[in-house]
Amino acid sequence: MAISLNHMHDFNTYECRSYVPLPNVLILLYIFYHVYFRHCTSGLPSDITVEIGELSFHLHKFPLLSRSGVLEKHIGEFSTDDGSICVVQFHDIPGGAKAFELIAKFCYGVKIEVTALNVVGLRCAAEYLQMNEDYGERNLISQTEGFLNEVFGNWADTIKALKTCEEVLQFAEELHIFSRCINSLATKACADTSLFNWPLISPNNTESTNTPVLWNGIYTTSRPQPMGDDWWYEDVSFLSLPLYKRLILAVELGGMKPEKIAGSLMFYAKKHLPLMNRQLGLDDANPGLTTSIPSEADQRALLEEIVELLPYQKGVIQSKFLFRLLRISMVLHASPSCRENLEKRVGAQLDQASLEDVLIPNMGYSVETLYDIDCFQRILDHFMSMDQAAAAAASSSSPCIVEEGELMEGTPSLVSITMVANLVDAYIADVAPDINLKFPKFQSLAATVPDYARPLTDGIYRAIDIYLKAHPWFTDSEREQICRLMNCQKLSLEASTHAAQNERLPLRVIVQVLFFEQLRLRTSISGWFSVSDSLDNYQNPNANLALTAQDRAAAVEDVRERISDLEKECQTMRCEIQKLVKTKRSWNIFCRRKSQNGNSTESKASSLKAPPPALVKEREKS
C-alpha cells in the first residue's frame, strides 16, 4: 500500500492542539499542494519513499530533513544525482505507520490532533527520528513532552496513555514515560479523597438537596456524591496484568493501606477469572463483568501473580476469598508454590473460616476420598505451628503469673484455637461417613488439636460415633484406639447418656463413661449438701445452737453411709461389666443380659441419677 501527498487536501479536516509555524517556503508549498491536488489529478512527483511495514509513503525530501535528524542522515546517504527516488525503510519505528503518518503531516505543517491515545507513540517516534530543537523551534519532541505533562494531571488521560505504553514499552521505559504514568496514578490513588476539591456529603445530613452549595467558587444545586476508597478499582481493572502489577507495587510503596490494596486485587480477580465469578454467583447478576474468557494458561498465570501480590497481613483479606482462590488453583493446576502460599494464608486465619469453606472437593479421578483431607491437614498444621509460635512469644514476653481461669477466658489464642477445634470436629463429622477415609487420616486430624482446646468433647464424640457407624468392620481394639481421641471426662450429660447406651462403643469406654458420670454425680451431691448447709446457716444462724453435737454427728454419719451405698452400687455395676470384658463375651450377649435384668439395671441407674427421696426428706428434717 502506498500513501502519497495527493491526499493532502484532506488534511485540513484534522483539529489541532499543537501547531508549529513553518517557514514561508513550506507554507507556500503546502498551499500550492493543497490547491493543486484539489483541482488537478497529478502533481509534483515525490522524490523519497518511506517504507514502514507493508505501507509506503511517497513524500518529498525537504519538509522531512528540515525536522528530523535521522531522516536528514538517511536522505543524505541514499540520495543520488541521477534523479531516482530515494527509498528509506523504518520497520522498527515506534508507533508504526500510524505514528509516522502524523509525523509526516507535522513535517508538512499540517495541524495534527495530539491526544492521550497517540501522544506516547508520537513522543517515542519523535525521539527515534531525532526531532529535537536542533531541527526547528517547537519541534515534535518538545510539543509532545509538554502535552504529556498535561496528561499526567488528569486521571482518565493518564490511564489511556498508560495503556498505549504497551505498544512501545521498550521506548516508553527508556524515556521514563511508563514510570511517570505509574507514579502519577499511584499518587492519585494514595491521596486522601477528602483533600480533593469537591464537597463530601454526610449520610446524616438532612439539608434539602435544592440548597445551593459552594463548589470551586460556584453555587450549584447539584450535590456531587462523595468518593469512597474504592473509586479507582474499576478504572485500573481494565489494565493488562503487567501494567496492573506495576501499579499495585507502586501504590504499596506509596504507603497505601493493605485493606485497599487487597480490595483492588479482589476486584481485579473477579473481573478476569471466570471461575471466581461462578463461585460468587455473579454470572447472572453482572453479565458484563468479564468481556471475554481467557485461556486456562492465561488464567493460571493471572492467578499466580495475584497470589504473589496479596498483602501478608492477617485479616485484610476475607477467608472465603482465599479459599475460593485455593479451589481455583486446584482446577487450573497452578504451581505447587502458589497452592502452598494460599494454604499458608488460609491457615494463618483458619479461625475465621466456616465449615463450607474448608470442605474442598478432591480434584482428579485417582483420589479416594470425596474431600481433600490432605489439604485441610496441611492448613491445620500451619495454623497450629503459628499458634504455638505466638503462645511461645507471649509467654517469653510476659513472665507474670496468670490464674488458670483468667487464662482460659481472656487469652485470645485460646479463643481462636477453640474456634478451630470446633471447626475441626465439625469437619471430621462431615467427612466421617466416607468409607474410604482411613483411620490414620481420621486420627491425625482429630489429634492435631490439643485437648485443652476442647472445653467439651461432644463434637469429637459425635464424629467418632459417625465414623464407627460408617465402618462397622473395625475390631474392638481398633474401636478402643479410636475412642482414645476423646476425653470422657469432658462429655456433657446428654452426650454421656447417649454414650452409655451406644452399642458401637467398646465396653471399656462405656465403663469409663459410667465411672466419670458417677464421680460427677458424687461431686454434685457434695456440692448440693454444701449449698444446703450454707443456706440453712444463712437463714437461721442460731439453729446450730439448738442441735447437740451428737445430733450433728449422727446426721453427717447418715449422709456418709448413704453416699457409700451409692458408691458400692456403682462399683458393683463396674465389676459386672469388667467380668463380661474378661470372659470376652460379645456385645449382643451383654445386651440380652441387660434386657433380662432390665428392672434391676434401671433401679441402679435411677439411684445414680438423683438422691433417694428418703434421703431428701431426712435431710430436710435435719
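Treat the numbers as computed from the prediction; the structure is a model and nothing was measured.

So, how was this worked out
In every chain, residue numbers begin from 1 and rise along the written sequence. It should be noted that, the model being predicted, local features are given only for residues of pLDDT at least 70 and side-chain atom pairs only at 80 or more, the latter also being counted only at that level, while totals for whole chains, interfaces and linings use all residues. Only heavy atoms go into the side-chain values, all of them from the structure, while hydrogens and water stay out. Helix and strand assignments follow DSSP, with helices taken as H or I runs no shorter than four residues and strands as E runs no shorter than two, numbered in order from the N terminus. Only protein chains enter the accessibility calculation, which uses a 1.4 Å probe; a residue is then buried when its area is under 20% of its type maximum, exposed when over 50%, and partly exposed in between. Throughout, a contact is declared for two residues whenever any of their heavy atoms are within 4.5 Å. Every accessible area reported is derived by Shrake-Rupley at a probe size of 1.4 Å, with residue values counting cover from the shown protein chains alone. Stacked, tilted and edge-to-face are the three classes assigned to paired rings of Phe, Tyr and Trp, where Trp is represented by its six-membered ring and a pair needs centres within 6.5 Å; plane angles under 30 degrees give stacked, over 60 edge-to-face, the rest tilted. Geometrically, a lysine NZ or arginine CZ counts as sitting over a ring once it is within 6 Å of the ring centre and also within 35 degrees of the ring normal. Every angle, taken between N-to-C directions, lies between 0 and 180 degrees, and every axis is a line fitted to C-alpha atoms, over only the stretch in contact when it is a helix. Geometric relationships in this document are graded by angle, where less than 35 degrees denotes roughly parallel, more than 145 denotes roughly antiparallel, 65 to 115 denotes roughly perpendicular, and other angles denote oblique. Helix crossings fall into two classes, left-handed where the near helix is turned counterclockwise from the far one by less than a right angle and right-handed where it is turned clockwise. When residue character is reported, Ala, Val, Leu, Ile, Met, Phe, Trp, Tyr, Cys and Pro are called nonpolar, Asp, Glu, Lys and Arg charged, and the others, Gly included, polar. Think of a nonpolar core as a cluster: buried Ala, Val, Leu, Ile, Met, Phe, Trp, Tyr and Cys residues, connected wherever their side-chain atoms sit within 4.5 Å. Strands are labelled as partners when DSSP assigns at least two bridges between them. The salt bridge definition used is simple: a Lys or Arg side-chain nitrogen within 4 Å of an Asp or Glu carboxyl oxygen. A helix is expected to span 1.5 Å for every residue after the first.

Trainee: I'd like a rundown of the overall build of the protein, residues and numbers included.
Mentor: When helices and strands are tallied, the protein shows 30 helices and six strands. In the protein, which comprises 622 residues, the share counted as buried stands at 39%. By sequence separation, contacts in the protein at least 24 residues apart represent 72% of the contacts at least 6 residues apart. When the accessible surface of the protein is summed, it comes to about 34700 Å², and 54% of that surface belongs to carbon and sulfur atoms.

Trainee: An account of the packing of aromatic side chains is requested, with residue identities and associated values reported.
Mentor: For the structure shown, the criterion picks out eleven aromatic pairs. Plain terms: the ring middles of Tyr-233 and Phe-267 are 6.5 Å apart, the flat faces sit at 45° to each other, and that makes the pair tilted. Residue Tyr-233 is located in helix H10 (residues 233-236), and its partner Phe-267 is located in helix H12 (residues 258-272); the two are separated by 34 residues in the primary sequence. With relative accessibility at 30%, the residue Phe-267 sits in the partly exposed group. Look at Trp-473 and Phe-474: their rings are 6.2 Å apart centre to centre, the planes differ by 70°, and that puts the pair in the edge-to-face class. Taken together, the ring pairs connect Phe-442, Tyr-467, Trp-473 and Phe-474 into an aromatic cluster. Lying across the ring of Phe-238, Lys-271 places its NZ or CZ 4.2 Å from the centre. Lying over the aromatic face of Tyr-312, Arg-345 brings its terminal NZ or CZ to 4.1 Å of the ring centre.

Trainee: Describe the packing of helix H22 (residues 458-470) against helix H23 (residues 476-483), and please don't skip the residues or the numbers.
Mentor: In the contact formed by H22 and H23, the axes pass within 10 Å of each other and the chain directions differ by 155°. In terms of their interaxial angle, H22 and H23 are classed as roughly antiparallel. As for the relative orientation of H22 and H23, their crossing is right-handed in sense. Residues Ile-464, Tyr-467 and Leu-468 of H22 form the contact with H23, whose participating residues are Arg-479, Ile-482 and Cys-483. Grouping the amino acids of the contact of H22 with H23 by side-chain chemistry returns five nonpolar, no polar and one charged.

Trainee: Tell me about the nonpolar core, and please be specific about residues and values.
Mentor: With 143 residues, the main nonpolar core has Leu-350 and Phe-442 as its most contacted residues. Looking at which element gives the most residues to this core, the answer is helix H20 (residues 412-431), with ten residues. Those residues in contact with Phe-442, other than ones at most four positions away along the chain, are Ile-428, Ala-432, Leu-437, Ala-463, Ile-464, Tyr-467, Ile-482 and Leu-485.

Trainee: Provide a residue-level description of the pairing of strand E4 (residues 86-89), including the pertinent values.
Mentor: Side chains of E4 alternate between two faces, with Cys-86 and Val-88 buried and Val-87 and Gln-89 left unburied. In the sheet, strand E2 (residues 48-52) pairs with E4 via four bridges, with the strands oriented parallel. Within E4, the residue paired with Val-50 across the bridge is Val-88.

Trainee: Pulling in residues and values, what's your account of the pattern of salt bridges?
Mentor: Overall, the coordinates contain 16 salt bridges when judged by the stated rule. Between Glu-173 and Arg-246 there is a salt bridge; the shortest N-O distance is 3.1 Å. Taken as a pair, Glu-173 in helix H8 (residues 169-174) and Arg-246 in helix H11 (residues 241-253) lie far apart in primary sequence, 73 residues in all. Its relative accessible area of 31% is what places Glu-173 among the partly exposed residues. The class for Arg-246 is partly exposed, based on a relative accessible area of 33%. Between Lys-344 and Glu-340 there is a salt bridge, with the nearest N and O atoms lying 3.5 Å from each other. Here Glu-340 and Lys-344 lie together in helix H16 (residues 336-348), a separation of four residues that amounts to about one turn. A residue is classified by how much of its surface remains accessible, and Lys-344, at 41% relative accessible area, is partly exposed. Here the salt bridges share partners, and the residues they tie into one network are Arg-123, Glu-127, Glu-145 and Arg-180.

Trainee: Lay out unusual backbone geometry in plain terms, naming residues and giving numbers.
Mentor: We note that Gln-130 has phi near 55°; this positive angle belongs to a residue other than glycine. In this fold, Gln-130 is placed in the loop between helix H5 (119-128) and helix H6 (140-151).

Trainee: Kindly report on helix H4 (residues 96-107), identifying the contributing residues and their values.
Mentor: For H4, built from twelve residues, the straight-helix expectation of 16 Å at 1.5 Å per residue is met to within 8% by its first-to-last C-alpha distance of 17 Å. With nine of twelve residues buried, H4 is to be regarded as a mostly interior element. Within H4, burial applies to Ala-97, Ala-99, Phe-100, Leu-102, Ile-103, Ala-104, Lys-105, Phe-106 and Cys-107. Of the residues trailing H4, Gly-109 is marked for its positive phi of about 85°.

Trainee: Which residues make up the pairing of E2, and what values do they have?
Mentor: The buried count for E2 comes to four of five residues, which makes it a mostly enclosed element. In the sheet, E2 pairs with strand E3 (residues 55-59) via five bridges, with the strands oriented antiparallel. Bridged to Ile-48 within E3 is Leu-59. In this structure, the hairpin formed by E2 and E3 is closed by a connection of two residues, where Gly-53 is found at a positive phi of approximately 65°.

Everything listed here is a matter of coordinates, which is why it stays silent on function.
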